[in-house]
Amino acid sequence: MNSLFLTDIDGTLMRRDAPMTDAVVTAAREYTARGGLLAVCTGRSVVAARETALRLGVNVPCILYGGASLYDFQSGKHLYLHAFQGDILKSVAVVLERHPDISMQVFTREEIYVLRRNARLNARGVKEENVGQERTLGEVRGDVVKLVMCCDDAEELASCAAYFPEETCEFAFASRNFVEVVA
């Protein structure tokens, strides 16, 4: 068998209210045992995709961070990582200042910085990416790979696109109340 199967995680392999089933895991493992190539393609980070990827038995590099990374779980390395060029944190500062109801997470190669939480992030965000104490913008270290923002007001989120130039940023709704921004 020479085929490649790419799958998302959230809303595809599992739902928020239901974990991934054993039947899905069995099907994935049978597919790879027959020579199929399996990868996840997700907005999740390495830490949030790892358990699912390993449980499924992915056997080729996976697309993570909404396309900003090609990550090999077998070697534990990014084969490709596209970080923002320039000072994206200036745009983050504007969102934090002008939109107090919007949560903000900043993803670097090594760490996830939660700069502001809100009830929506706590209830609906990826739990593995919403850990630790809130941090300040000044604590962010390393190249920024992805931003995640959320709030109850989708129009307010949409208005933030103006802070992220189309020439250098991909501003996309991951769901009605969550936005992901990648380079």
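The model shown is predicted, which means the values in this text are computed figures rather than measured ones.

What counts, and at which threshold
- Residues numbered from 1 in each chain as written.
- Predicted model: local features only at pLDDT ≥ 70, side-chain atom pairs only at ≥ 80, totals over all residues.
- Heavy atoms only, no water.
- Buried < 20%, exposed > 50% of the residue type's maximum accessible area, 1.4 Å probe, protein only.
- Helix = DSSP H or I, 4+ residues; strand = E, 2+ residues; numbered from the N terminus.
- Arc of directions from axis to C-beta.
- Contact = heavy atoms within 4.5 Å.
- Axes fitted to C-alpha atoms, helices over the stretch in contact; angles between N-to-C directions.
- Parallel < 35°, antiparallel > 145°, perpendicular 65-115°, else oblique.
- Nonpolar A, V, L, I, M, F, W, Y, C, P; charged D, E, K, R; others polar.
- Phe/Tyr/Trp six-rings, centres within 6.5 Å; stacked < 30°, edge-to-face > 60°.

A.B. asks: Where do I start with helix H2 (residues 46-56) in this structure?
C.D. replies: Helical geometry note: an α-helix holds 3.6 residues per turn, so side chains three or four residues apart project in the same direction. When we look at burial in H2, the residues that qualify are Val46, Ala48, Ala49, Thr52, Ala53 and Leu56. Angularly, the buried residues of H2 cover 145° about the axis, an arc narrow enough to put them on a single face. The inward-facing, buried residues of H2 abut helix H1 (22-33), strand E2 (37-40), strand E3 (62-64), strand E4 (69-72) and strand E5 (77-81). Positive backbone phi, approximately 85°, marks glycine 57, located one or two places after H2.

A.B. asks: Just to check I follow, could you spell out the packing of H1 against H2 for this structure?
C.D. replies: Helices that pack against each other are described as a pair by the angle of their axes relative to one another and the distance between those axes. Contact pair H1 / H2: the axes reach a minimum separation of 8 Å and the direction vectors enclose 60°. When the axis of H1 is compared with that of H2, the two are oblique. Where H1 abuts H2, its residues Asp22, Val24, Val25, Ala28 and Arg29 lie against Leu54, Arg55 and Leu56. Residue classes in the contact of H1 with H2 are distributed as five nonpolar, no polar and three charged.

A.B. asks: Quick question: what am I supposed to make of the packing of aromatic side chains here?
C.D. replies: For the coordinates displayed, the defined rule picks out five aromatic pairs. With centroids separated by 6.1 Å and ring planes inclined at 65°, the aromatic side chains of phenylalanine 5 and tyrosine 31 adopt a geometry described as edge-to-face. Taken together, the positions of phenylalanine 5 in strand E1 (residues 4-7) and tyrosine 31 in helix H1 put the pair 26 residues apart, joining distant regions of the chain. Both rings, one in tyrosine 71 and one in phenylalanine 73, keep their centres 4.9 Å apart while their planes meet at 70°; by these two values the pair is edge-to-face.

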